[in-house]
Amino acid sequence: MGECSPLPAAPCPPKLGGGLAGCGGSGHVLAPNPRRSSLPAETRFHLRIRVRRSAPMEVPKKLVTTVSGCADDALAGLVACNSGLRLLRGHRVVLRDDLQAIRGRVALLSGGGSGHEPAHAGYVGKGMLTGVVAGAMFASPSVGSILAAIRAVAQAGAAGILLIVMNYTGDRLNFGMALERARAEGADVRMVVVGDDCAFTKPGKAGRRGICGTILIHKVAGALAEAGASLDEIEKKAKAAAKVTGTLGLSLSPCSIPGSKPSFQLAEDEMELGLGIHGEAGVHRMKVLPADKAVETMLKHMTDPSSASHLSLTPGSSVVLVVNNLGGLSCLELGIVAGAAVRCLENRGIRIARALVGCFMTAMEMAGVSLTLMLVDEELLRLIDTKTMAVAWPNILAGPATTRREEVPAPTEAPRKPQDETGIGLSTARVERVLQRVCSTLLDMKEKLNELDRGAGDGDCGHTHSQAAQAIREWMRSRPPPAAPAQLLSSLADVVLEHMGGSSGVLYGLFLTAAGQSLRGRSDSSAWADAMDAGIEAMQRYGGAAPGDRTMLDSLFAAAQALHSLRSPGADPLQVLAAAVQSAEAAAEATRHMEAGAGRASYIRSSRLEQPDAGAVAVAAVLGAVLEGLRDPLGTSQ
């Protein structure tokens, strides 16, 4: 949060050759970095190697108003959106709005550099922190602002003040200096330093870094303060909680503060274990692992008894787990990591009493995750569960995390009504012949449809249609297809909805379901014209497309107009269907010259759409296959 090194930075030596990393040049590191001199030798060597391998980097884009004012702007935005918070005039300090409520109670202050949001200002509120002092980006807050925050809560009547500080040299120095000055003014101020990092097997003189486990100390101390505990008790229990808390980070990318280049680079196939929240070096760089293997690696490192910074974890232990997004990981990835962490801990006989998943302490845009474990007993768990008004603390239901929850039984399908079975249809053999024709046609067209789809979509039209064809074939192998038209179309709808995927699967499902319902209890030829209209109407109602929008609907609509001839007495169904197929094929070809009005293609410039719509071509091909299947003499091979 503040200065990350145990020693002040030494002046850069003169550039040799391409220059020295960290001095504005590029090239090899020719001397140890004095800012890292207290870290283990293996880490210092690791730092040198990773700078040497770095390629030229650009300043990443950031959505800020000004680089110099971004820390102040972020705090102003937080306060503007939360009525329980106030800024201290003239300082980068956020305080509870109800300072009068702390009279006679212990006040809790924390803070550090900006760039780790929602830490720490997001944890200000009843039941957690009284106030937070923020520094500039990745920099410790000033002694003057820390002292101003102490004076503000002291003058509000606080019965003692506890400073919760993360273990970085700059933070310890500045908060410590402010503490001494406040004591000289008569205030009762104490300080708890949190160092929960489990990365280094032999931490140097600076000790373990303070990272995401600090938020759990905020919560424990905040619950105690809200309950009226004394400063002595809160200090003692906060220190005890910090001793049973461990955190380890894993990153897929570097981070950068606004206006600056990333501090390092990772190759596309690399991840780094044990990084700090300012981009400080980790302990091991490795090839990217699957999420479950990465989590296993993290937990093994955190609990390795041979490491001086390990967290002792034995079967039967009860823990609070924090799965923290370091800033740039997707919610999907975070959920996968969280599930893997719970599963891995359960397999080791650990009870996950609570699990918190989200962004709690970030490193700007770093795509990474940290895992925090706190060993808890009933008292600590009660303090974690105590209600707080802090905006960044998750409002979760108190209960253990487990991958072994009993699943809700899947609902059983309601028995089909007798009317579903009525209606005179084709023979089972004829139905099978038609469906086999449709499936063969779609499988043969897979690559053609994919190619047509690449210009306007994601190139998977042939793939989704072949999935449907394969699923229909498997379905027919498992049972004879029903001959009753309504039941046949309803069953086909179930198959495509389950196996086809994409919007095409849903659209076909809508069409088949509505068409099937229209066919219930009917045996006349005109029923098929009505069924076609019903299916198209359902697709338009939910899909939003219309004829002329360059979609599969264009072919269907053209075919439907031709099928209306079935309503004429004495119409020959096969001749009408042949005309419908011709109309559908012509309509599919006509989409070549249309501007897309719906679907993914509507986001593509019309000048780039040079081929007919893949969905329209597929529909015309399906109708053509149906016609061939009806014309084929039974008993002959296809």
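So, here is what we can say about the structure in this document. Since the structure is predicted, the reported quantities are computational estimates derived from the model, not experimental observations.

Quick notes on the rules
Residues numbered from 1 in each chain as written. Predicted model: local features only at pLDDT ≥ 70, side-chain atom pairs only at ≥ 80, totals over all residues. Heavy atoms only, no water. Axes fitted to C-alpha atoms, helices over the stretch in contact; angles between N-to-C directions. Helix = DSSP H or I, 4+ residues; strand = E, 2+ residues; numbered from the N terminus. Left-handed = near helix turned anticlockwise from the far one by under 90°. Contact = heavy atoms within 4.5 Å. Nonpolar A, V, L, I, M, F, W, Y, C, P; charged D, E, K, R; others polar. 1 Å grid on protein atoms, 1.4 Å probe; cavity = no way out; pocket = protein on both sides within 12 Å on 5 of 7 lines; lining within 4 Å. Points joined across faces, edges and corners; volume = space filled by probe spheres on them. Phe/Tyr/Trp six-rings, centres within 6.5 Å; stacked < 30°, edge-to-face > 60°. Lys NZ or Arg CZ within 6 Å of the ring centre and 35° of its normal. Buried < 20%, exposed > 50% of the residue type's maximum accessible area, 1.4 Å probe, protein only. Pairing = 2+ DSSP bridges. Salt bridge = Lys/Arg side-chain N within 4 Å of Asp/Glu carboxyl O. Expected span 1.5 Å × (residues − 1). Arc of directions from axis to C-beta. Parallel < 35°, antiparallel > 145°, perpendicular 65-115°, else oblique. Polar contact = N/O pair within 3.5 Å; in protein donor to acceptor, adjacent residues only side chain to side chain.

**Some thoughts on the packing of helix α10 (residues 428-444) against helix α18 (residues 614-631)**
Helix-helix packing is characterised by the crossing angle of the two axes and by the distance between the axes.
Inference 1: Remark: α10 packs on α18, axes separated minimally by 8 Å, with the N-to-C direction vectors making an angle of 140°. The crossing of α10 and α18 is right-handed. Together, R430, R433, V434, R437, V438, T441 and L442 of α10 and A621, V622, A625, V626, E628, G629, L630 and R631 of α18 make up the contact between the two elements.
Inference 2: Of the residues in the contact of α10 with α18, the class split is 8 nonpolar, 2 polar and 5 charged.

**What about the layout of surface pockets?**
Inference 1: Computed from the structure, the second largest pocket encloses a volume of approximately 1200 Å³.
Inference 2: Surrounding the second largest pocket, 43 residues form its lining, V434, L489, W528, L623 and V626 being those nearest its centre.
Inference 3: Of all elements in the fold, only α10, α12 (461-478), α13 (485-499), α14 (502-519), α15 (526-543), α16 (552-563), α17 (573-590) and α18 reach the threshold of two or more residues within the lining of the second largest pocket.
Inference 4: Of the residues assigned to the lining of the second largest pocket, the class counts are 37 nonpolar, 4 polar and 2 charged.

**What to know about the packing of aromatic side chains**
Inference 1: By the definition in use, this model includes 0 aromatic pairs.
Inference 2: Directly above the ring of W393 sits K219, whose terminal nitrogen or CZ lies 5.8 Å from the centroid.

**Digging into the pairing of strand β4 (residues 131-137)**
Inference 1: Along β4, 6 of the 7 residues are buried, which leaves the element largely enclosed by surrounding structure.
Inference 2: Taken together, the 3 bridges between strand β2 (residues 93-96) and β4 define a ladder with antiparallel strand orientation. Within β4, the position partnered with L95 by the bridge is G131.

**Details of the pairing of strand β7 (residues 245-251)**
Inference 1: Here β7 lies mainly inside the structure; 7 of its 7 residues are buried.
Inference 2: Covered by surrounding structure in β7 are T245, T247, G249 and S251 together with G246, L248 and L250, the residues of both alternating faces.
Inference 3: Both β7 and strand β12 (residues 368-375) contribute to a ladder of 7 bridges, which runs antiparallel. Note on β12: the bridge partner recorded for T245 is M374.
Inference 4: Pairing analysis gives 2 bridges linking β7 to strand β8 (residues 270-273), with the strands arranged antiparallel. Bridge pairing links S251 to E272 in β8.

**Some thoughts on the sheet that holds β8**
Inference 1: In space, the 6 strands of this open sheet follow the order β9-β8-β7-β12-β10-β11, with mixed pairing throughout. Of all strands in the sheet, those bounded by a partner on one side alone are β9 (284-287) and β11 (351-358). On average, adjacent strands in this sheet sit at an angle of 20° to one another, irrespective of strand direction.
Inference 2: Contacts between helix α5 (residues 214-226) and the sheet are confined to β7, β10 (318-325), β11 and β12, with β12 contributing the most and set at about 40° to the helix.
Inference 3: Against the sheet, helix α8 (residues 331-347) makes contact with β10, β11 and β12, and its axis sits at roughly 160° relative to β10, the strand it touches most.

**A few points about the pattern of salt bridges**
Pairing of side chains with opposite charge becomes possible as their charged atoms draw close.
Inference 1: Enumeration over the complete set of coordinates arrives at 31 salt bridges.
Inference 2: When the shortest N-O distance is used, the salt bridge between D97 and R86 registers 3.0 Å. Here the residue D97 occupies a position in the loop between β2 and β3 (107-114), and R86 occupies one in strand β1 (residues 85-87), the gap between them amounting to 11 residues.
Inference 3: For R86, a relative accessible area of 41% gives the class partly exposed.
Inference 4: Note that R522 and D524 form a salt bridge whose closest N and O atoms lie 3.1 Å from each other.
Inference 5: On the basis of relative accessibility, which here comes to 24%, the residue R522 falls in the partly exposed class.
Inference 6: Among the residues examined, D524 registers a relative accessible area of 33% and is labelled partly exposed.

**A look at helix α6 (residues 231-243)**
Inference 1: Its 13 residues place the ends of α6 18 Å apart at the C-alpha level, agreeing with the 18 Å of an ideal helix rising 1.5 Å per residue.
Inference 2: Listing the buried residues of α6 in full gives L231, I234, E235, A238, A241 and A242. End-on view of α6: buried residues confined to an arc of 135°, all on one side of the axis. Those residues of α6 that are exposed and aimed more than 90 degrees away from the buried face are K236 and K243.

**As for the sheet that holds β1**
Inference 1: An order of β1-β2-β4-β3-β5-β6 is seen for the 6 strands of this open sheet, with the pairing classed as mixed. Taken across any chain shown, the strands that pair with only one partner, and hence form the sheet edges, are β1 and β6 (189-194). Going from strand to strand, the sheet's axes swing by 25° on average, the running direction of each strand aside.
Inference 2: Two strands pair when backbone bridges link them, and β1 and β2 are joined in this way by 3 bridges, in the antiparallel orientation.

**Some thoughts on the packing of helix α7 (residues 291-302) against α8**
Inference 1: It is the contact of α7 with α8, at a shortest axis distance of 9 Å, that shows an interaxial angle of 55°. For the element pair α7 / α8, the angle class is oblique. For the element pair α7 and α8, the recorded crossing hand is right-handed. Between α7 and α8, the residues in contact are A291, D292, V295, E296 and L299 and I336, V337, A340, A341, C344 and L345, respectively.

**Concerning the side chain of S256**
Inference 1: Following the sequence through the fold, S256 ends up in the loop between β7 and β8.
Inference 2: Looking at S256, the relative accessible area reads 2%, which means it is buried.
Inference 3: A polar contact of 2.7 Å, which involves the side chain of S256, links it to the side chain of K62.
Inference 4: What S256 contacts, discounting residues up to four positions off in sequence, is P60, K62, K261, P262, M364 and E365.

It is worth stressing that arrangement in space is one thing and function is another; only the former is reported here.
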